[in-house]
Amino acid sequence: MNDSDVRYGRVLLKLSGEALMGDLDYGIEPQVIQRIAAEVATARKTGVEIAIVIGGGNIFRGAGLARAGMDRVTGDYMGMLATVMNALAIQDALESLDVYARVMSALQIHDVCEDYIRRRAVRHLEKGRVVILAAGTGNPFFTTDTAASLRAIEIGADVLLKATKVDGVYDADPMTNSNAKRYETVSFDQVLADKLTVMDATAIVMCRDNELPLRVFDLTRKEALVQAISGDQVGTLVTA
């Protein structure tokens, strides 16, 4: 891929915490995070500006423990801290490849990362740094999917890239239904009406109302991230 192939000037990549586990039951598999960092580094070399929002489900899921009896607000804040841990791991992996990266958190943790300030985040991107946005929105009851939509809109991203373990959006769960069909493109309204498993409804509505395209693709496939950034027909494109 060369500079002329890149469709987007600025992207936001949404990574789930589970994507970092690989074959593990918990935590971060070093080989997986190094592969992700290498693909981000390859894409960054083409000149595209990259921001990343990371989940924390590989370490802690606040909503799950809330169902088991923990206070939901407490659980959500613990989940936000898990995303900070993942963000620091991604930063370390990128810097080992000589890619400048900054972690910005919606929660104030000055000893390990910067506060999220939109103008500062945009300035980092303009200077060629990968910006890793942690701690969701900083508020309980909001998912990291919603945080990804919000941050993508705030920084003026051209597209939101949702990295999953499935190669796009299907009309049914492909894990349980062998006849499930994958969409090449699908509208936000259809995603909402058919309750397709893409992102939570709040995130989808934010993308729709702000005309932010969403591409869902399989991160486990080699070079899929680079292809998604270049605008190739990988996964499923969700648009108005």
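Computed from a predicted model, the values in this text were never measured in an experiment.

Bringing the nonpolar core into the picture now. If you look at the biggest cluster of nonpolar residues, it comprises 42 residues, and the most contacted ones within it are Leu13, Leu15, Val40, Leu94, Ile132, Leu161 and Phe217. Every element with two or more residues in this core is listed here: strand S1 (10–15), helix H1 (30–44), strand S2 (49–54), helix H3 (72–95), strand S3 (101–105), strand S5 (130–134), strand S6 (159–164) and helix H8 (224–230). Counting residues per element, this core draws most heavily on H1, which supplies seven residues. Those residues within four positions of Ile132 in sequence are excluded, and the remaining contacts are Ile52, Ile54, Ala87, Ile90, Gln91, Leu94, Ala101, Arg102, Val103 and Met104.

In space, the nine strands of this open sheet follow the order S4-S3-S5-S2-S1-S6-S8-S9-S7, with mixed pairing throughout. Of all strands in the sheet, those bounded by a partner on one side alone are strand S4 (114–115) and strand S7 (185–187). Inspection of the sheet shows S3 paired to S5 by five bridges, in the parallel sense. Opposite Arg102, over in S5, you have Val131 as the bridge partner. In this fold helix H5 (residues 144–155) packs onto S1, S2, S5 and S6, with an angle of close to 170° to the strand it touches most, S1.

With that settled, consider H3. Here H3 spans 35 Å end to end across 24 residues, near enough to the 34 Å set by a 1.5 Å rise per residue. In this structure Asp71 caps H3, since a side-chain oxygen of it lies 3.3 Å from the backbone nitrogen of Val73.

Let us now look at the packing of H5 against helix H7 (residues 201–209). The geometry of a pair of packed helices is captured by two quantities: the angle between their axes and the separation between those axes. At their nearest, the axes of H5 and H7 sit 7 Å apart, and the two run at 20° to each other. Between H5 and H7, the interaxial angle falls into the category roughly parallel. In this structure, the crossing between H5 and H7 has a hand that is left-handed. Residues Asp145, Thr146, Ser149, Leu150 and Ile153 of H5 touch H7, and the partners they reach there are Thr202, Ala203, Met206 and Cys207. Tallied by class, the residues present in the contact of H5 with H7 amount to five nonpolar, three polar and one charged.

This part takes up the side chain of Arg151. Relative to the assigned elements, Arg151 resides in helix H5. Here Gly136 takes part through its backbone oxygen, which lies 3.4 Å from a polar atom of the side chain of Arg151.

Applying the stated criterion to the full structure yields zero aromatic pairs. The residue whose ring lies beneath Arg151 is Tyr116, and the NZ or CZ to ring-centre distance is 3.9 Å.

Bringing the pairing of S3 into the picture now. Counting buried positions along S3 gives four out of five residues, so the element sits mostly inside the fold. Judged from the two bridges that link them, S3 and S4 form a sheet pairing that is parallel. Counterpart to Ser105 in the pairing with S4 is Asp115.

Checked against the element boundaries, Gly56 lands in the loop between S2 and helix H2 (62–67). For Gly56, a relative accessible area of 7% puts it in the buried group. Each C-alpha atom of the pair Gly56 and Lys14 lies 12 Å from the other, and the pair is 42 residues apart in sequence.

Let's shift gears to the packing of H1 against H3. Their axes nearest at 9 Å, the elements H1 and H3 cross at an angle of 60°. What the angle tells us is that H1 and H3 run oblique. Read as a crossing pair, H1 and H3 show a hand that is right-handed. Contact residues: Ile33, Gln34, Ala37 and Val40 in H1; Ala89, Ile90, Ala93 and Leu94 in H3. Class assignment of the residues belonging to the contact of H1 with H3 gives a composition of seven nonpolar, one polar and no charged.

This part takes up the pattern of salt bridges. A complete count under the given rule lists 12 salt bridges for this structure. Of the charged contacts in the structure, one is a salt bridge between Asp167 and Arg182, with a shortest N-O distance of 3.9 Å. One end of the pair, Asp167, is in the loop between S6 and S7; the other, Arg182, is in the loop between S6 and S7, with 15 residues separating them in the sequence. Take Asp167: its relative accessible area is 31%, and that puts it in the partly exposed class. Judged by its relative accessible area of 33%, Arg182 falls in the partly exposed class. Between Arg182 and Glu184 there is a salt bridge, with the nearest N and O atoms lying 3.3 Å from each other. Using a relative accessible area of 41% as the deciding quantity, one classes Glu184 as partly exposed. Through salt bridges that share partners, Lys14, Asp145 and Lys162 make up one connected network.

Analysis parameters
Residues numbered from 1 in each chain as written. Predicted model: local features only at pLDDT ≥ 70, side-chain atom pairs only at ≥ 80, totals over all residues. Heavy atoms only, no water. Core = buried A, V, L, I, M, F, W, Y, C linked by side-chain atoms within 4.5 Å. Buried < 20%, exposed > 50% of the residue type's maximum accessible area, 1.4 Å probe, protein only. Helix = DSSP H or I, 4+ residues; strand = E, 2+ residues; numbered from the N terminus. Contact = heavy atoms within 4.5 Å. Pairing = 2+ DSSP bridges. Axes fitted to C-alpha atoms, helices over the stretch in contact; angles between N-to-C directions. Expected span 1.5 Å × (residues − 1). Polar contact = N/O pair within 3.5 Å; in protein donor to acceptor, adjacent residues only side chain to side chain. Parallel < 35°, antiparallel > 145°, perpendicular 65-115°, else oblique. Left-handed = near helix turned anticlockwise from the far one by under 90°. Nonpolar A, V, L, I, M, F, W, Y, C, P; charged D, E, K, R; others polar. Phe/Tyr/Trp six-rings, centres within 6.5 Å; stacked < 30°, edge-to-face > 60°. Lys NZ or Arg CZ within 6 Å of the ring centre and 35° of its normal. Salt bridge = Lys/Arg side-chain N within 4 Å of Asp/Glu carboxyl O.

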